[in-house]
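Each chain, written out:
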Amino acid sequence: MEFLEILEQIFSGQNLAILGAGLAVALSGMGSAKGVGIVGEAASGLVSENPKLFGKSMILQALPMTQGVYGLVAAFFIIFKIGLFTEPVELTTSQGAYFLMAALPYALVGYSSAIKQGRVSAAGINLLAKRPDQLGKAVTSAALVETYAIFALIITLIIVSICPFA
Amino acid sequence: MSISIMKKLSVITPKDSVDEMIKRLIKLRCVDVRNTESDECGYLLEKMNYDVQRSDAEKRLAEIERVLPVLTKYSSRMSKLGDGRMKIDREEFVSDGSFKHTWEKIEAADSDLKRINECKNRISADEKLIVSLTPWIDYGVSLRLCNTDRADLVIGSMPAGTEQSDIDEALGELYASVDIVSRDAGAVYVSLISLKSDTDEAAKKLSSLGFIRISFPGVDKTPKKAIAFLNEEVAQLNSEIENLTEDLRSLSEYLSDIEVLYDIENTSLTEIINKQKMAATEDCAVLVGWAPQMRVEKLSAELDKLCCAYEIEDPSETETPPVLLNNNRFSENFEWVVGMYSYPKYGSFDPTFIMSIFYFFIFGLMFADVGYGLVLTVCGFALPALMGMSEKTKRSFNMFGYCGISSMIMGVIFGGWFGDLPYAIMQNMAGIENAKEIYPFFDGLWFNPMDNPMTFLVVALAVGGIHLIAGMAIKFYILCKEGKVFDAIFDIGSWWVIFAGIGVFFVFGALPGWITVGVGVAMIVFTHGRHEKNIVVKLLKGILGLYDITSYASDLLSYSRILALGLASAVVGQVINLIGTMSGATVGGFVALILATLIGHTLNLAINILGSFVHTSRLQYLEFFNKFYEDGGDPFEAVEPSEEYTID
């Protein structure tokens, strides 16, 4: 019985909700780190040729950062909702699991879209190398990738905010 | 809010008045000079050859560009706030001798720079030589190493750790003797004296021990004397550099004149580049270009004064004139956003004005915060005024300034004050428990999206709906103007009937709603295939036309990003405030508050400006423009005098 009790304590409602918040930050953060890294590598190559383009290349490098920031938003939305900062709400295991599942859409899409956006931005760096005046087009095509992270974030936020018990 | 009407300008002028004419045109700043085709006017024309002049002008400009940054570094002139460019009469500058005088200064500075470089190279060569001579310092023989009739003298290095005994053993019975001069961590330095007949053999023996011959070409003294001589030379060179630097410092007094000269030379390069675009017969030259209609009067008045024949006419059908956007003082700041996508095609609709209004609102919704908006507004308007930016940069800053105003307005409506800074301070530092009830003002005049994300989503989608319908309305207008009234009604009007039906559905109930939607659907099914002949294909195409509903739906959903970006800045701001006010109203607490808010809000501001800018632009480019926009315009670029440092 003791083992079951430990399990019950580990998977308490609150802990599951925190796991959800954690996954939203961690996965999207991993994705963003990788995405920003990919662009950074490409950008260094460009800047070594033409240091004047550092500012422009930094705009492209900053694009895959947003997924990580959205992850932070999703996590804090959950943390605010379960009242960790003020008065913690009592959650059953299934109620906690609700938050964990709510966090999943963003956690997964945030991870993958940040990496993909990093790749498009890195390609944008190549575009910048040949046509330094075409930054706008490079940014726009990279920004398209972010759309799906935004959709997932909205679903996560809506599910959290319409939660009936907290 | 329109695309300026362009006129085509063709000028024929005697070859010897070309210079004068180009000068005038540059001063006028209203002509975009284009390449003259060789069969213009039906004659066979040849390009005028200015290659030599051009490379000369580029060389001169390069010289000024070499000198300018150095003199700026040495100059004691204070950098001024604001636009420091002064109006200088350039012709007077040339005629009163300043031009020539300044050129002398530039030549002087350039030769100083060259000499400094030479000295520096010499110094580094000398220092290298000193380093390689140092092990030989105790070697009392002149390094010219004169051989006698019978003996050879050679110096070299051997691997570290080589002992005299090893060498003696290797040389054996040969008539050769080796002295170890010095040792250091890397090598043993030796000198070898041998009988001429045994030299080759001795060298062979020694090289098996790792002997490498060293020579110092050009050194004809003993190492000690050579090092002393080199040190003296380095000192001399250093003092020469100092003198030259002092000279440069005194030359930097003429910095302002040199800047004028830069603009003059840069303008004359522009002249040459544009002259190269012209073509000529034996006596006459032809120039073609574009000028906006509103400047034509001034242009012809100016051309009348010159010895030339000109013609200003409407563009022919096959020609594509360049595009000059013409907008009011608010919207012109948004032209670069349009330009980032692509300029509109000549003669099509200029979306800048309508786009600027939506841009203003959508940016504000995405970034609804009074505090951040204030920072944006102040920076957007104050920085260009203080730093003296070019017109282009100034406009992009001003655009963000206007967007900041929108952010402030939306911040009051939706309750953003650096996130929730007022409440965070009241609750965590001043100890007011129910701050939100006592001061509801800071929670937004309407509602706070943090508490009501669903309502804000509806607002975002509603704004999106208006944006999309505005885009469709522009297409409607364009079609009607082209006389395709039926196309406008069938392709766009029928969708509006469907959209209206959805509205009716919610307002007047299901039946009237369904009927209205039904009318719209029928309009599409029966008209979408109107260009087909076969009745079956007509109907099939009509039904397929309904498929566009998916693209309208996805366009509309795309506006939900307004919610995501709005919440992103608000939530992160809130967390920063929480961290800042956590320690309560103590001294440490205030320090934490200032640090956390300063650093945190700056970062939040930076990342959200980028996000809001990128996503607002995207909504314009993809959702709005694709309803009507005809892109592919070639921007109009008038020839202008260079005004990098001075105003002409």
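Enquirer: Report on the overall build of chain A, specifying residues and quantitative values.
Expert: Looking only at helices and strands, chain A features 6 helices and 0 strands. Ordered by position from the N terminus, the helices and strands of chain A form the series α-α-α-α-α-α. Here chain A has a C-alpha radius of gyration of 20 Å; the compact-globule value for 166 residues is 15 Å, and the former is much larger. Taken over the C-alpha atoms alone, chain A extends approximately 65 × 30 × 25 Å along its principal axes. Within chain A, the fraction of its 166 residues that count as buried is 48%. Only carbon and sulfur atoms are counted for the fraction: they give 67% of the accessible area of chain A, which is about 7900 Å². Separation between the mean location of the 9 positive side-chain charges and that of the 9 negative ones in chain A comes to 26 Å.

Enquirer: Tell me what's going on with the nonpolar core, and back it up with residues and numbers.
Expert: If you look at the biggest cluster of nonpolar residues, it comprises 94 residues, and the most contacted ones within it are Leu60 of chain A together with Tyr359 and Ile562 of chain B. With 13 residues, the top contributor of residues to this core is helix α6 (residues 135-161) of chain A. Core analysis: the second largest hydrophobic core is formed by 50 residues, Tyr262, Met278, Ala285 and Val639 of chain B among them.

Enquirer: Now, about the pairing of strand β11 (residues 284-292) of chain B: what can you tell me, with residues and values included?
Expert: Residue and element names in this part refer to chain B. With respect to burial, β11 is a largely interior element, 8 of its 9 residues being buried. Alignment of strand β3 (residues 32-34) against β11, held across 3 bridges, turns out to be antiparallel. By the bridge assignment, valine 33 is partnered in β11 with glycine 289. With 2 bridges connecting them, strand β10 (residues 279-280) and β11 associate as antiparallel partners. Of the residues in β11, the one forming a bridge with alanine 280 is alanine 285. Following β10, the chain reverses through 3 residues before pairing antiparallel with β11.

Enquirer: Got a sec to walk through the environment of aspartate 19 of chain B? Specific residues and values, please.
Expert: Secondary-structure assignment places aspartate 19 of chain B in helix α1 (residues 18-28). The spacing of aspartate 19 of chain B and lysine 275 of chain B is 256 residues in sequence and 8.1 Å in space, taken between C-alpha atoms.

Enquirer: Run through the interface of chain A and chain B, naming residues and quoting values.
Expert: With 28 residues of chain A at the interface, the matching set in chain B holds 27 residues. Interface of chain A and chain B: buried area, both sides summed, is about 2400 Å²; carbon and sulfur atoms make up 85% of it. It is Phe77, Phe80 and Ile154 of chain A that lose the most area in chain A upon contact with chain B, and together they represent 18% of the buried surface on that side. For the pair chain A and chain B, the number of links is 0 salt bridges. For the pair chain A and chain B, the number of links is 4 residue pairs in polar contact (both at pLDDT 80 or more). Residue assignment for the side of chain A that touches chain B shows that the elements contributing at least two residues are α3 (54-62), α4 (66-81) and α6 of chain A. Its residues assigned to classes, the side of chain A that touches chain B comprises 22 nonpolar, 4 polar and 2 charged.

Enquirer: An account of empty space enclosed by the protein is requested, with residue identities and associated values reported.
Expert: Counted under the stated rule, the structure contains 3 cavities of 30 Å³ or more. Put simply, the largest cavity is a space of about 50 Å³. As for the largest cavity, its lining consists of Val139 and Thr140 of chain A together with Met340, Phe613, Val614, Ser617, Arg618 and Tyr621 of chain B. Breaking the lining of the largest cavity down by element, the ones donating at least two residues are α6 of chain A together with α22 (587-624) of chain B.

Enquirer: So what's going on with the packing of helix α4 (residues 98-133) of chain B against helix α7 (residues 223-251) of chain B? Which residues, and what values?
Expert: Residue and element names in this part refer to chain B. For the pair α4 and α7, the least separation of the axes is 9 Å and the interaxial angle reads 160°. Between α4 and α7, the angle falls in the class roughly antiparallel. In the crossing of α4 with α7, the sense of the turn from one axis to the other is left-handed. Its residues placed into classes, the contact of α4 with α7 shows 19 nonpolar, 3 polar and 10 charged.

Rules of the game
- Residues numbered from 1 in each chain as written.
- Chains lettered and ligands numbered in written order.
- Predicted model: local features only at pLDDT ≥ 70, side-chain atom pairs only at ≥ 80, totals over all residues.
- Heavy atoms only, no water.
- Helix = DSSP H or I, 4+ residues; strand = E, 2+ residues; numbered from the N terminus.
- Rg over C-alpha atoms; globule rule 2.2 N^0.38 Å.
- Buried < 20%, exposed > 50% of the residue type's maximum accessible area, 1.4 Å probe, protein only.
- Areas by Shrake-Rupley, 256 points an atom, 1.4 Å probe, with all protein chains shown as cover.
- Lys, Arg positive; Asp, Glu negative; His and termini not counted.
- Charge placed at Lys NZ, Arg CZ, Asp CG, Glu CD.
- Core = buried A, V, L, I, M, F, W, Y, C linked by side-chain atoms within 4.5 Å.
- Pairing = 2+ DSSP bridges.
- Contact = heavy atoms within 4.5 Å.
- Buried area = accessible area lost by both parts, 1.4 Å probe.
- Salt bridge = Lys/Arg side-chain N within 4 Å of Asp/Glu carboxyl O.
- Polar contact = N/O pair within 3.5 Å; in protein donor to acceptor, adjacent residues only side chain to side chain.
- Nonpolar A, V, L, I, M, F, W, Y, C, P; charged D, E, K, R; others polar.
- 1 Å grid on protein atoms, 1.4 Å probe; cavity = no way out; pocket = protein on both sides within 12 Å on 5 of 7 lines; lining within 4 Å.
- Points joined across faces, edges and corners; volume = space filled by probe spheres on them.
- Axes fitted to C-alpha atoms, helices over the stretch in contact; angles between N-to-C directions.
- Parallel < 35°, antiparallel > 145°, perpendicular 65-115°, else oblique.
- Left-handed = near helix turned anticlockwise from the far one by under 90°.

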